[in-house]
Amino acid sequence: MVLCIAGYDPTGGAGLLADVAALAGLGVRAAGAITALTIQSPDQAAHFSPVDSNYIDETLTTLLANLPISAVKIGMLGTGEVARIVGKHLRRLPAAVPVVIDPVLAAGAGGALCDEQAFDVLRDELIPQAALIAPNVPEAERLCNLTIKQPFDIERVARRLREMGADYVLIKGGHLEGDPIDRLWGPDGPRQWKNQRKIGAEIHGTGCTLAALITGMIAQEKPMDKAVGIAVEMLQQAISTSWPPTDEGWRFLGLVN
Ligand code: PLP
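As a starting point, this report considers the structure included with it. Only a predicted model underlies this, so the values are computations on that prediction, with no experimental measurement involved. (Residues numbered from 1 in each chain as written. Predicted model: local features only at pLDDT ≥ 70, side-chain atom pairs only at ≥ 80, totals over all residues. Heavy atoms only, no water.)

What to know about the overall build of the protein
Condition: Helix and strand labels come from DSSP, where a helix needs a run of H or I of at least four residues and a strand needs a run of E of at least two; each type is numbered from the N terminus. For every residue, the accessible area obtained with a 1.4 Å probe (protein chains only) is divided by the maximum for its type, and the residue is called buried under 20%, exposed over 50%, and partly exposed between those limits. Residues count as neighbours in contact if any of their non-hydrogen atoms are within 4.5 Å of one another. Accessible surface area values rest on a Shrake-Rupley calculation with a 1.4 Å probe, where residue burial reflects the displayed protein chains alone. The charge count includes Lys and Arg as positive and Asp and Glu as negative, but it does not include His or the ends of the chains. For charged residues, the charge sits on one atom: NZ in Lys, CZ in Arg, CG in Asp, CD in Glu.
Secondary structure assignment for the protein yields 8 helices and 11 strands. Across its three principal directions, the C-alpha atoms of the protein cover 45 × 45 × 35 Å. Scored against the burial criterion, the 257 residues of the protein give a buried share of 54%. Here the analysis covers contacts within the protein between residues at least 6 apart in sequence; of these, 65% occur between residues at least 24 apart. For the protein, the exposed surface amounts to about 11500 Å²; the carbon and sulfur share of it is 50%. If the 22 positive side-chain charges of the protein are averaged to one point and the 29 negative ones to another, these points end up 6 Å apart.

What about the packing of aromatic side chains?
Quick note on the threshold: Here the aromatic set is Phe, Tyr and Trp, taking the six-membered ring for Trp, and pairing holds for ring centres within 6.5 Å; pairs whose planes are under 30 degrees apart are stacked, those over 60 apart are edge-to-face, and all others are tilted. Both a distance and an angle decide whether a charge sits over a ring: NZ of Lys or CZ of Arg must be within 6 Å of the ring centre and within 35 degrees of the ring normal.
This model, assessed by the stated rule, comprises 2 aromatic pairs. Centre to centre, the rings of Trp243 and Phe252 are 5.7 Å apart; their planes meet at 40 degrees, and the pair counts as tilted. Residue Phe252 is classed as buried on the basis of its relative accessible area of 16%. Linked through ring pairs, Trp243, Trp250 and Phe252 together constitute an aromatic cluster. Between Arg142 and the ring centre of Phe119, over which it is positioned, the NZ or CZ distance is 4.1 Å.

Quick word on the nonpolar core
This is how the line gets drawn: Only buried residues count toward a nonpolar core. Its members are Ala, Val, Leu, Ile, Met, Phe, Trp, Tyr and Cys residues joined through side-chain atoms within 4.5 Å.
Counting 84 residues, the largest nonpolar core has Leu3, Val72, Ile74, Val86, Leu161, Ile171 and Ile214 as its most contacted members. Sorting elements by how many residues they give to this core places helix α8 (residues 224-240) first, with 9 residues. If sequence neighbours within four positions are ignored, Ile74 has contacts with Ile5, Val86, Leu90, Val99, Val100, Ile101 and Asp102.

Quick word on the packing of helix α5 (residues 137-144) against helix α6 (residues 151-163)
Going by this rule: A fitted line through C-alpha atoms represents every axis, and for helices the fit uses only the stretch in contact; the resulting angles, taken between N-to-C directions, go from 0 to 180 degrees. Angle categories are assigned with fixed cut-offs, so that under 35 degrees is roughly parallel, over 145 is roughly antiparallel, 65 to 115 is roughly perpendicular, and the rest are oblique. Helix crossings are classified by the rotation of the near helix relative to the far one: an anticlockwise turn of less than a right angle makes the crossing left-handed, while a clockwise turn makes it right-handed. Residue polarity follows a fixed list, in which Ala, Val, Leu, Ile, Met, Phe, Trp, Tyr, Cys and Pro are nonpolar, Asp, Glu, Lys and Arg are charged, and the others, Gly among them, are polar.
At a minimum axis separation of 10 Å, α5 and α6 run at an interaxial angle of 60 degrees. When the axis of α5 is compared with that of α6, the two are oblique. Of the two possible hands of crossing, α5 and α6 adopt the one that is left-handed. On α6, the residues that touch Ala140, Leu143 and Cys144 of α5 are Val157, Arg160 and Leu161. Its residues placed into classes, the contact of α5 with α6 shows 5 nonpolar, no polar and 1 charged.

A word on the site of the ligand
For clarity, the cut-off: By convention in these notes, a residue is near a molecule or strand provided one of its non-hydrogen atoms lies within 4 Å of it. Under this definition, polar contacts are N or O atom pairs within 3.5 Å; protein pairs additionally need one hydrogen-donor-capable and one acceptor-capable atom, and for neighbouring residues in sequence, both atoms have to be side-chain atoms.
Lining the immediate environment of the ligand, one finds 16 residues, of which Gln40, His204, Gly205, Gly207 and Cys208 sit closest. Separating an oxygen atom of the ligand from a side-chain N or O atom of Gln40 is a distance of 2.5 Å. Between an oxygen atom of the ligand and a main-chain N or O atom of Gly205, the distance comes to 3.0 Å. With the chains in place, 93% of the 390 Å² that the ligand exposes on its own is no longer accessible. The leading source of residues in the shell around the ligand is helix α7 (residues 206-219), at 3 residues. Of the residues belonging to the shell around the ligand, the class tally is 7 nonpolar, 8 polar and 1 charged.

So, the sheet that holds strand β2 (residues 30-41)
Note the cut-off: At least two bridges found by DSSP between two strands are what make those strands a pair.
The strand order across the open sheet built from 9 strands is β3-β2-β1-β4-β5-β6-β7-β8-β9, with neighbouring strands paired in mixed fashion. Bordering the open sheet on either side are β3 (44-50) and β9 (189-194), each of which pairs with just one other strand. As defined by bridge partners, strand β7 (residues 168-171) adjoins strand β8 (residues 181-186) across 3 bridges and the pair is classed as antiparallel. Residue pairing in the sheet places Val169 in a bridge with Trp185 of β8. Those strands touched by helix α2 (residues 53-66) are β1 (2-8) and β2, and its axis lies near 150 degrees from that of β2.

Looking at the side chain of Asp182
With respect to the element layout, Asp182 can be found in strand β8. Reaching out from Asp182, the side chain makes a polar contact with the backbone nitrogen of Gly173 at a distance of 3.0 Å. Excluding its chain neighbours within four sequence positions, the residues that come into contact with Asp182 are Leu170, Ile171, Lys172, Gly173, Arg191, Gln192, Trp193 and Val232.

Re helix α1 (residues 15-26)
For an α-helix the count is 3.6 residues per turn, leaving residues at separations of three or four pointing the same way. This is how it is decided: An expected span of 1.5 Å times one less than the residue number is assigned to each helix. Note that the arc is defined by the directions from the helix axis to the C-beta atoms.
End to end, α1 covers 17 Å across 12 residues, agreeing with the expected 16 Å (1.5 Å per residue, within 8%). Turning to α1, its buried residues number three or more, namely Gly15, Leu16, Ala18, Asp19, Ala22, Leu23 and Leu26. The buried residues of α1 occupy an angular sector of 160 degrees when the element is viewed end-on, so they sit on one face. In this structure, the buried residues of α1 make contact with β1, β2, β4 (71-74), α7 and α8. Looking one or two residues past α1, Gly27 carries a phi angle of roughly 75 degrees, positive in sign.

Below, the structure is given as structure tokens:
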């Protein structure tokens, strides 16, 4: 069972609903602690309402006390107040429960999903507890305050994120030009996966889905590099069967299985 700490995207493309769909494809059960409710569409930047802090606090207390959680996946945090409560519960997790972080900063159609205070908590309190952090290029740049222009910069950023406390760092290559290369750095050295760029239009929820797949496989005790490699391949499959619900804007991922 994976505990997903995530925002709610009512379109079903990203956030908790995407996590549940990805984990179901692996045969892994999801529990969900919602951090915020969002409203968004391809032509409307996201805006959100955070959940009440007592609600997230009690939810996490109850889930962690009563469910056999094997791994935790963290997505959208929203506000500093919610992020601090998440951090408090993470510090109490048994060391054997790995934490995977998708550092969600903004929605694809625009709109911040993480305020300044939540960003500080993410960087200073949550990354040090991460088994894996999986930023895209803009997220990695902001977390490290560095600009990525060439492959060497990616390595510098990955090294910095490991120094900040993450065991493994997966920098996703979708925002760079050319065919996307996803690069993993960890205690056992670098690995990378190159894929063909399939579709130009933005595919909503790919980050959530990839991180959920990795977390599900870690919960099934796969080693990190295997989990990432299989997840990257499954996501490619979902991208190649993605479909546009309307004439313009997002594509939705195909089913993950
Ligand atoms: N979490 C929520 C609740 C969202 O609404 C979004 C994007 O809109 C994301 C996460 C990030 O989505 P993506 O996987 O496209 O980065």
